Amino acid sequence: MSLAGKASGVESAASCHEPATEQRCAGCRHRLDDRRVIEQSVAGLAVFGSAFGASIGASRLCVLHDRWVSPDDFCVRFSPLG
Amino acid sequence: MNDITRDLPQNVRPSITAAQSTTRGGLFHNEDWWSVWVGLLVVVVAWSLFASGGSIKWLATAPAKWTDVAQAGQDLLAHLPNYAALFVVFALLFGTALFVLKQRLVHFLPAFLILFAVSLLIFETAAWSQASRYNLEAPLLALLLGLLVSNLVALPEWFQVGLRVEFYIKVGIVLLGATLPFTLLVWAGPVAVGQATVVSLLTFFVIFFTGRALGLDRRFAAVLGVGGAVCGVSAAIAIAGAVRARREQASVAITLVVLWAIVMIFVLPFASHALGLSTGVAGAWIGTSEFADAAGIAAAQTYGDIARHAGGAIAGAPDAAVQNFTLMKVVGRDIWIGIWAFVLAWVATTRWDALEDGVQVKKVDAGEIWARFPKFVIGFLLASALITWLASAYSLADYRKVVTPALVAPISTLRTWVFTFCFLSIGLTTRLRSLSATGWKPFLAFTAGVVVNIIIGYAMSAHVFATYWDSLGHG
């Protein structure tokens, strides 16, 4: 599975204005919240670690940027949950 | 399907409700808390039965030593009801936790049945009177068998649900707490923290600055550094999230942790033996220099087993290896992961370049420290405190005569079972072909940290604090 390519063409500049709460990563459809899929997406994660443990906190993968994000992060590519 | 979701596995979308994604939490939301509940439930039930004149001995069964196969077969048949009951209890406890965590029970139960049956065979093999002559210690046997199977046979996807390495090791560590006096934790804590802090900081900075000198991105170097310095895969994920690293950077760090952790499972016990280290010193060294809890427990238990069969050639109590490993790794290193995450998140946000793809970090939240804290440590401490409080009513002689055989020893047996599930799961989840290609720069940076970590860890355990760790090992 290659998520990295999805980040290409992304605008380099984000809005300077903080978005409303509902426009943050927490409410974005690009944020992958399924912990089973996170384990499948990060090679070796389940060998000595877990996406179901405490250490991952609220961090999740953004499948658009192929990057770890937190619920309060944001970017100009926000897309609301369907 | 649009261009964003088409790369994800079938039936999976990054689309859940906003409310779900941000507000979940609480005491049943992750494996750490569940390891606390499962471990403490076992301890409390064992304690209640003990207090009413009973014991969980019947349930906590393990194969007896045997010299010929017929004897082993008879022992196995005689204890089949015990093993069946043990499977049901473990399946119920783990199954409940995984069901709440939205794992598929229909996959977990058959997978766990296989894991249990193979673990029993491993136990039986390790109980052979000649097993130690061939280094057939249970942890190594489980690990090697798992590695062999997973790298030669394509295991079905449903079977993976039963291979919860981290969950099993955390439950085992909580149960381990019930066998350690709380006073020992209080007494050993400051030294463990001091030694771990020195080695962790040195290892982190060696990896970080070597990585930077080789041209690695700061975020990547930080993920590699903490992965090597603190608690392996868990640390790599925590820091990748905290500094908003890219997915492949976490994958590479995890691959390096996995490879080195597995190498060290074999190297550290045999190096300790070759260097003539006592079990207490070896446990502290493994705790300082292994990269993952599960790998370290495997290495420490292997050394304890080697000592048990060495006829007094290795100084210290066999159990001291796992005991001192846990003090060093869990108390000395693991509990700081939230602090590392918070500090590096702050540095990344305020000192490092903005993310090139436009992702904006709103704020650095001190809540990260608690959110990422390894909660199973709380269970470990509570289990220790509970048993210590109970034991305070007994003299030392009565404790050894009454409490140990009826309460502590059966809990130790259950812990050994859980650790065996873990070791077997490590092997079965380590598919070398599926790990990321690391590139030579990250490999060099991480390996520089490994070398420093091993040398400084050895010097501090076997020289600077040798008397101290030895004294704990004889206690």
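For every chain, the first residue of its written sequence is number 1, and the numbers climb from 1 along that sequence. Chains carry letters from A onward and ligands carry numbers from 1 onward, assigned in written order. Two thresholds apply to this predicted model, a pLDDT of at least 70 for residue-level local features and 80 or more for giving and counting side-chain atom pairs, whereas whole-chain, interface and lining totals are computed over all residues.

### So, the overall build of chain B
In terms of regular secondary structure, chain B is built from 20 helices and 0 strands. Taking the principal axes of its C-alpha atoms as reference, chain B extends roughly 65 × 55 × 45 Å. Partitioning the intrachain contacts of chain B with sequence separation of at least 6 by distance along the chain shows that 81% fall at a separation of at least 24. Helical segments are the DSSP runs of H or I of at least four residues, strand segments are the runs of E of at least two, and each set is numbered from the N terminus. Contact between residues is assigned whenever the C-beta positions, reconstructed from backbone atoms, fall within 7 Å.

### Brief notes about the overall build of chain A
Looking only at helices and strands, chain A has 2 helices and 3 strands in total. A burial count over chain A gives 62% of its 82 residues as buried. Restricting to contacts in chain A with at least 6 residues of sequence separation, those with at least 24 account for 72%. Here a residue counts as buried when 20 or more other C-beta atoms sit within 10 Å of its C-beta, as exposed when there are 12 or fewer, and as partly exposed otherwise, the C-beta atoms being derived from the backbone.

### Topic: the sheet that holds strand S2 (residues 60–62) of chain A
Read across the open sheet, the 3 strands follow the order S1-S2-S3 (chain A); overall the sheet is antiparallel. The sheet is open, and its two edges are formed by strand S1 (31–32) and strand S3 (67–69) of chain A, each paired on a single side. Two strands form a pair only when DSSP identifies at least two bridges running between them.

### Some points on the confidence of the model for chain A
Mean pLDDT over chain A stands at 80; residues scoring 70 or higher make up 73%. A low-confidence stretch, residues 1–16 of chain A stays under pLDDT 50, and its non-local contacts, those more than four residues away or across chains, total 33 contacts. A residue's pLDDT is the predictor's confidence in that residue, given on a scale from 0 to 100.

### Quick notes on unusual backbone geometry
Phi at Asp66 of chain A is positive, roughly 55 degrees, even though this residue is not glycine. Residue position: Asp66 of chain A is located in the loop between S2 and S3. Assessed through the 21 C-beta atoms surrounding it within 10 Å, Asp66 of chain A is described here as buried. The backbone of Arg244 of chain B shows a phi angle near 60 degrees, a positive value even though the residue is not glycine. Here Arg244 of chain B lies in the loop between helix H10 (232–243) and helix H11 (247–274).

### Considerations on the confidence of the model for chain B
The predicted coordinates should not be examined in detail at positions where pLDDT is low. Residue and element names in this part refer to chain B. Mean pLDDT over chain B: 91, with 94% of residues reaching 70 or higher. Segment residues 1–23 is flagged for pLDDT under 50; beyond a separation of four residues in sequence, or across chains, it makes 39 contacts in the model. Scored as a whole, the predicted complex attains pTM 0.90, and scored at its interfaces, ipTM 0.88.

### Points about the nonpolar core
One recurring pattern in soluble globular proteins is that nonpolar side chains are buried together. Counting 174 residues, the largest nonpolar core has Val223, Ala236, Ile239, Val257, Ala261 and Ala295 of chain B as the members making the most contacts within it. In this structure, Ala295 of chain B is in contact with Phe48 of chain A together with Ala261, Ile262, Met264, Ile265 and Glu290 of chain B, ignoring residues within four places of it in sequence. Any nonpolar core is a set of buried residues, restricted to Ala, Val, Leu, Ile, Met, Phe, Trp, Tyr and Cys, that join up through C-beta atoms within 7 Å.

### Observations regarding the environment of Leu176 of chain B
Residues and elements named next belong to chain B. Structurally, Leu176 can be placed in helix H7 (residues 165–177). A residue is classified by how many C-beta atoms lie within 10 Å of it, and Leu176, with 26 of them, is buried. Spatially, the C-alpha atom of Leu176 lies 9.3 Å from that of Thr416, the residues being 240 residues apart in sequence. With near-sequence residues (within four places) excluded, Leu176 lies in contact with Val322, Thr326, Phe380 and Arg415.

### Side note on the packing of helix H8 (residues 182–213) of chain B against helix H17 (residues 376–391) of chain B
All names here are of chain B. Close contact between H8 and H17 brings their axes to 8 Å; oriented N to C, the two are set at 130 degrees. In terms of their interaxial angle, H8 and H17 are classed as oblique. Facing Phe182, Thr183 and Leu185 of H8, the residues of H17 in contact are Leu381, Ser384, Ala385 and Thr388. When the residues that make up the contact of H8 with H17 are grouped by side-chain class, the tally is 4 nonpolar, 3 polar and no charged. Axis definition: a line fitted to C-alpha atoms, limited for helices to the stretch in contact. Angles are taken between N-to-C directions and run from 0 to 180 degrees. Should an angle fall under 35 degrees it is taken as roughly parallel, and over 145 as roughly antiparallel, whereas 65 to 115 is taken as roughly perpendicular and any remaining angle as oblique. Charged means Asp, Glu, Lys or Arg here, nonpolar means Ala, Val, Leu, Ile, Met, Phe, Trp, Tyr, Cys or Pro, and polar covers whatever is left, Gly included.

### A short note on helix H2 (residues 31–51) of chain B
Under the convention used throughout, the expected extent of a helix is 1.5 Å for every residue step, that is, one less than its residue count. Here H2 of chain B is 21 residues long and its end C-alpha atoms lie 30 Å apart, about the 30 Å a rise of 1.5 Å per residue gives. Phi for Gly53 of chain B, located one or two positions after H2 of chain B, is positive at around 90 degrees.

### Some points on the packing of H2 of chain B against helix H18 (residues 396–429) of chain B
All names here are of chain B. In contact at an axis separation of 10 Å, H2 and H18 are set at 150 degrees when each is read in the N-to-C sense. By the angle between their directions, the pair H2 and H18 is classed as roughly antiparallel. Between H2 and H18 lies a crossing of right-handed hand. Contact residues: H2 offers Val42, Val43, Ala46, Trp47 and Phe50, while H18 offers Ala406, Leu407, Pro410, Ile411 and Leu414. Looking at side-chain class alone, the contact of H2 with H18 contains 10 nonpolar, no polar and no charged residues. A crossing counts as left-handed when the near helix is turned anticlockwise from the far one by less than a right angle, and as right-handed when that turn is clockwise.

### Considering the environment of Gln160 of chain B
Counting through the fold element by element, Gln160 of chain B comes out in the loop between helix H6 (138–152) and H7. C-alpha separation for the pair Gln160 of chain B and Gly146 of chain B, spaced 14 residues apart in sequence, amounts to 12 Å.

### Points about the environment of Ala235 of chain B
Residue and element names in this part refer to chain B. Structurally, the position occupied by Ala235 is in helix H10. The exposure class of Ala235 is buried, given the 31 C-beta atoms found within 10 Å. Between the C-alpha atoms of Ala235 and Val450, which are 215 residues apart in sequence, the distance is 15 Å.

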